[in-house]
Amino acid sequence: NLADVKKEAVNPAFSSANILAGATGSLTTITFPADYDMSTFSVWGDFTELTSITLPADATEIPDNAFQGSNITSFEVGEKITRIGDFAFQGSKLESIDFSKATALTEIGAAAFANTPLTSVGLPKDLKVIPASAFEGSLLESVKIKSHVEKIAEAAFKNCAKLANVNFEDNR
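Residues numbered from 1 in each chain as written. Predicted model: local features only at pLDDT ≥ 70, side-chain atom pairs only at ≥ 80, totals over all residues. Heavy atoms only, no water.

Student: Explanation requested: the overall build of the protein in the structure shown.
Tutor: A count of helices and strands for the protein gives one helix and 13 strands. Written out in order from the N terminus, the α and β elements of the protein read β-α-β-β-β-β-β-β-β-β-β-β-β-β. The buried share of the protein, taken over its 172 residues, is 40%. (Helix = DSSP H or I, 4+ residues; strand = E, 2+ residues; numbered from the N terminus. Buried < 20%, exposed > 50% of the residue type's maximum accessible area, 1.4 Å probe, protein only.)

Rendered as structure tokens:
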């Protein structure tokens, strides 16, 4: 059974498909080395006990479906992350996401945070588009949107029944 996948166990030369293919168990923690290529990473669907992950320091992207359906409850977006992929956290247990260090983030994928228990979010200042279904079905109560946002796509906040406060902020 897998309890942890540590830095020493993840060879950066392997693709994510090879690391845990066919593995079972109670994976709770993943720590990647600095030079690991995150481009194909995902939780692999069956590791619902995964609660902690440390991304490589040089990671620039959170790939499509990376934490979809996982038990990740909080996440800090690093300063080099430029993109959060489609469905990246969709259906996960994500309760909080910290964009305070996300100085390079310019893109959030479709349905990236859909159907999560997020209650509030302050979006990063360089984000230009809030994509389709980005937060659909989430438990959002409040959203802070910076003035650089040029487009809020269809259904971005659809079925957010508790959403009561949307604050458009100046970027200063």
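Student: Teacher, can you tell me more about the sheet that holds strand β4 (residues 61–62) here?
Tutor: In a beta sheet, neighbouring strands pair by backbone hydrogen bonds and run either parallel or antiparallel. Ordered by their spatial adjacency, three strands build an open sheet running β4-β6-β8, and the pairing between neighbours is parallel. Both edges of this open sheet fall to β4 and β8 (107–108), since each of them pairs with a single strand only. Of the strand pairs in this sheet, β4 and strand β6 (residues 83–84) are connected by two bridges, and their pairing is parallel. Looking at the pairing, E61 lines up with R83 of β6. (Pairing = 2+ DSSP bridges.)

Student: Which parts of the structure should I look at to understand the side chain of Q90?
Tutor: Tracing the backbone shows Q90 in the loop between β6 and β7 (96–98). Classification of Q90 by relative accessible area gives buried; the value is 18%. In terms of polar contacts, Q90 uses its side chain to reach the side chain of Q68, at 2.6 Å. Ignoring sequence-local partners within four residues, the contact set of Q90 consists of Q68, G69, A111, A112, A114 and N115. (Polar contact = N/O pair within 3.5 Å; in protein donor to acceptor, adjacent residues only side chain to side chain. Contact = heavy atoms within 4.5 Å.)

Student: How should the sheet that holds strand β9 (residues 120–122) be read in this particular structure?
Tutor: If you trace the three strands from one edge of the open sheet to the other, you get β9-β11-β13, paired in parallel fashion. The open sheet is flanked by β9 and β13 (165–169), the only strands paired with a single partner. On average, adjacent strands in this sheet sit at an angle of 15° to one another, irrespective of strand direction. In this sheet, β13 lies alongside strand β11 (residues 142–146) in parallel orientation, the contact comprising five bridges. Residue S142 lies in a different strand from β13, and its bridge partner there is N165. (Axes fitted to C-alpha atoms, helices over the stretch in contact; angles between N-to-C directions.)

Student: Which parts of the structure should I look at to understand the packing of aromatic side chains?
Tutor: Given two aromatic rings, one states the distance between the centres and the angle between the planes to describe the pair. Evaluated as defined, the whole model comprises seven aromatic pairs. When the ring of F89 is compared with that of F113, the centres are 5.5 Å apart and the planes differ by 10°; the resulting orientation is stacked. Residue F89 is located in the loop between β6 and β7, and its partner F113 is located in the loop between β8 and β9; the two are separated by 24 residues in the primary sequence. Geometrically, the ring pair formed by F99 and F113 is edge-to-face, given 6.3 Å between the ring centres and 90° between the ring planes. Here F99, found in the loop between β7 and β8, pairs with F113, found in the loop between β8 and β9; they are 14 residues apart in sequence, far enough to count as distant. Judged on exposure class, the residue F99 and its partner F113 are both buried. Three or more aromatic residues link up through ring pairs in this structure, and these residues are F67, F75, F89, F99, F113, F135 and F157. (Phe/Tyr/Trp six-rings, centres within 6.5 Å; stacked < 30°, edge-to-face > 60°.)

Student: It is not clear to me how the side chain of S70 should be interpreted in this structure. Could you clarify?
Tutor: Position of S70 among the secondary structure elements: in the loop between β4 and β5 (74–76). In this structure S70 comes out as buried when scored by relative accessible area, which is 0%. Within the local environment of S70, its side chain forms a polar contact with the backbone oxygen of F67, the two atoms lying 2.9 Å apart.

Student: How do you make sense of the nonpolar core when you look at a structure like this?
Tutor: In summary, soluble globular proteins display a tendency toward joint burial of nonpolar side chains. Within the largest apolar cluster, 37 residues are counted, with the highest numbers of intra-cluster contacts made by I84, F99 and F113. If near-sequence neighbours (up to four positions away) are discounted, F113 is found in contact with I84, F89, L94, I97, F99, I108, L118, A134, F135 and S138. (Core = buried A, V, L, I, M, F, W, Y, C linked by side-chain atoms within 4.5 Å.)

Student: What is the right way to read the environment of L139 from this model?
Tutor: Turning to its location among the elements, L139 is positioned in the loop between β10 (129–130) and β11. Sequence spacing of L139 and E95 is 44 residues, and the spatial spacing of their C-alpha atoms is 9.0 Å. Each residue touching L139, except ones within four places of it in the same chain, is listed here: T116, P117, L118, T119 and K162.

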